[in-house]
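One-letter residues, chain by chain:
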Amino acid sequence: MEVPSLFTNFFAVNNPDSPPARQKTKLRELEHRFWQEHLPGDDDDHSTAISSLAIVTGLTKAQVSRISIAFATLADLPELKALQQKLYHLDLSRLITISNELAGINPDNLAGADAILTEYLTATSPNQILPSPASIGRKIKEIRDLLDDARATGSRGTQDDSSFGVTFSPDGTAEIGASVDAVDGHIINDAVTQHAKKNDLTYGEAFSDILRNNIQVKVVLNLYTAKDLANAPVWASGIGWLDAKTGTFWSEKANKEQDMDAAAKISTDKHDPPPALRDALIGRDGTCRFPGCSVPALKTQADHRIPYQEGGETCLGGIGCLCQHHHNMKTDGRVTYLLDPFSGIIVWLMGDGTWAVSEPNGPLNPKNARWAQTVAQHRARHHKRWVKEDAK
């Protein structure tokens, strides 16, 4: 007996009921098999083979080389390779992202990374949206931090490192570039944005004005962590999961705590959610909930699934994060959605009759709560191991 696709879990890119999805899956499979067949082996002259493939495919040697490295990385991830050869859901951009983000990983951590990444890239809902390359990259950074990999915080090896440079142009302007940790970047961006909007300045003018006149701009950074878990990871609104060192550093600077369990139970007769409920919503959703949209929840609007004027409730089970663009689409009636108040999962119904499932991305959804527990348990074991070794 054939099981209806509604009752099986799959990514939207593999939707068996969608002719475009089936055709695209076949194209990904053909492309995958092409590269698997023609990429150089260990005994081949790699440089010559890459040059030849670049000529016949029309790609640059650098592009072919990245594809070659991506397939070599996939060969070191047997669980993910088996899943890919079953579903062919990962295109070249995602395979290259995986290769880039795993570069330099300790070989002893590959098996652990393979298992977690394979679970992450396995659908848990029908017609689920496939994580974007950027989302996969962030997940791998989280995995490397979990596994205490030396390069978990980036290619520089530590978030203590930073770089800065100014490039002067003949037209009398200058471009400023700096590499800072994600939290500092978020704070700088928020401060400049606020100052620019308040004073009708360009972002460049606002940035210079803040530095030149030592202007103070209040920036709020919301951090989420499980207080009932020792060594629990920290999730920063607008950024995502932080590595252990950064999470501890910023948590110690927090000057206010809020119970998110209590905030999640708030309901109001007013249209706009109060700040605590807004924080709980951001913590559940993480980003705009439209399929494939990555706008941080911090920059979205609280949308009533049932319009407020038609009796829609302002409570966590009745609202979702939507960016301005997708909020407008929903308000115009071009799309609509159903929201499960318990899991936060949204089923989107498109104007053309198709549908897709969006899972929440914030730290308060059940899946990320389990991830936090996994990280906490790993850190506890790691701490005990080092305490034991230091005592020798």
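One can find the structure itself at the top, above this paragraph.
Our subject in this report is the structure included herewith. (Residues numbered from 1 in each chain as written. Predicted model: local features only at pLDDT ≥ 70, side-chain atom pairs only at ≥ 80, totals over all residues. Heavy atoms only, no water.)

### Some words on the overall build of the chain
Summing up its helical and strand segments, the chain has 14 helices and 12 strands in all. Along the three orthogonal principal directions, the C-alpha set of the chain runs to about 65 × 65 × 60 Å. When each of the 392 residues of the chain is scored for burial, the buried share is 40%. Total accessible area on the chain stands at roughly 22300 Å², and carbon and sulfur atoms take up 53% of it. With 41 positive and 49 negative side-chain charges, the chain shows a separation of 2 Å between the mean positions of the two kinds. (Helix = DSSP H or I, 4+ residues; strand = E, 2+ residues; numbered from the N terminus. Buried < 20%, exposed > 50% of the residue type's maximum accessible area, 1.4 Å probe, protein only. Areas by Shrake-Rupley, 256 points an atom, 1.4 Å probe, with all protein chains shown as cover. Lys, Arg positive; Asp, Glu negative; His and termini not counted. Charge placed at Lys NZ, Arg CZ, Asp CG, Glu CD.)

### Re the pairing of strand β2 (residues 174–179)
Bridging between strand β1 (residues 163–168) and β2 involves 6 bridges; their strand directions are antiparallel. Pairing of Thr-167 across the sheet is with Glu-175, part of β2. Linking two consecutive strands that pair antiparallel, namely β1 and β2, is a turn of 5 residues; a positive phi of about 90° is found at Gly-172 within it. (Pairing = 2+ DSSP bridges.)

### Some words on a nonpolar patch on the surface
Taken together, the side chains of Phe-164, Val-166, Phe-168 and Ile-176 define a hydrophobic patch exposed on the protein surface, amounting to about 470 Å² of accessible area. With 3 residues, the top contributor of residues to the nonpolar patch is β1. (Patch = residues over 30% accessible without salt bridge, like charges linked within 9 Å, V, L, I, M, F, W, Y side chains within 5 Å. Salt bridge = Lys/Arg side-chain N within 4 Å of Asp/Glu carboxyl O.)

### Details of the nonpolar core
Of all hydrophobic cores here, the largest spans 51 residues; its most connected members are Trp-35, Leu-80 and Ile-98. Among the nonpolar cores identified, the runner-up in size contains 12 residues, and Cys-288, Phe-290, Cys-323 and Met-329 belong to it. (Core = buried A, V, L, I, M, F, W, Y, C linked by side-chain atoms within 4.5 Å.)

### Topic: the side chain of Asp-285
Relative to the elements of secondary structure, Asp-285 occurs in helix α12 (residues 275–285). Relative accessible area serves as the criterion here: at 0%, Asp-285 is assigned to the buried category. In this structure the side chain of Asp-285 is engaged in a polar contact, spanning 2.9 Å, whose partner is the side chain of Arg-289. Polar side-chain contacts of Asp-285 include one of 2.9 Å to the backbone nitrogen of Cys-321. The residues touching Asp-285, leaving out its near neighbours within four places in the chain, are Gly-320, Cys-321, Pro-360, Asn-361 and Gly-362. (Polar contact = N/O pair within 3.5 Å; in protein donor to acceptor, adjacent residues only side chain to side chain. Contact = heavy atoms within 4.5 Å.)

### Some remarks on the sheet that holds strand β3 (residues 223–224)
Read across the sheet, 3 strands follow the order β3-β4-β5 without closing on themselves; strand pairing throughout is antiparallel. Unpaired on one side and paired on the other, β3 and β5 (240–241) mark the two borders of the sheet. Examined bridge by bridge, β3 and strand β4 (residues 235–236) share 2 bridges and lie antiparallel to one another. Following the sheet pairing, Leu-223 is matched in β4 by Ala-236.

### With respect to the state of the cysteines
One pass over the full model with this rule turns up 0 disulfides. In this model Cys-321 remains outside any disulfide bridge; the closest cysteine sulfur is found in Cys-288, 8.1 Å from its own. Classification of Cys-321 as buried rests on a relative accessible area of 0%. Left without a disulfide partner, Cys-323 is nearest to the cysteine sulfur of Cys-288, which lies 3.8 Å away. On the basis of relative accessible area, Cys-323 is assigned to the buried category, the value being 8%. (Disulfide = S-S within 2.5 Å.)

### A closer look at α12
With respect to burial, α12 is a largely interior element, 10 of its 11 residues being buried. Taken as a whole, α12 has its buried residues at Ala-276, Leu-277, Arg-278, Asp-279, Ala-280, Leu-281, Ile-282, Gly-283, Arg-284 and Asp-285. Positive backbone phi, at 80°, marks Gly-286, one or two positions downstream of α12.

### Here we look at the pattern of salt bridges
Throughout the structure, instances matching the rule amount to 11 salt bridges. In this structure, Lys-139 engages Glu-142 in a salt bridge whose closest nitrogen and oxygen atoms are separated by 3.7 Å. Taken together, the residues Lys-139 and Glu-142, both in helix α7 (residues 133–146) and 3 residues apart, mark about one turn of the helix. Taking the relative accessible area as the measure of exposure, Lys-139 reaches 9% and is therefore buried.

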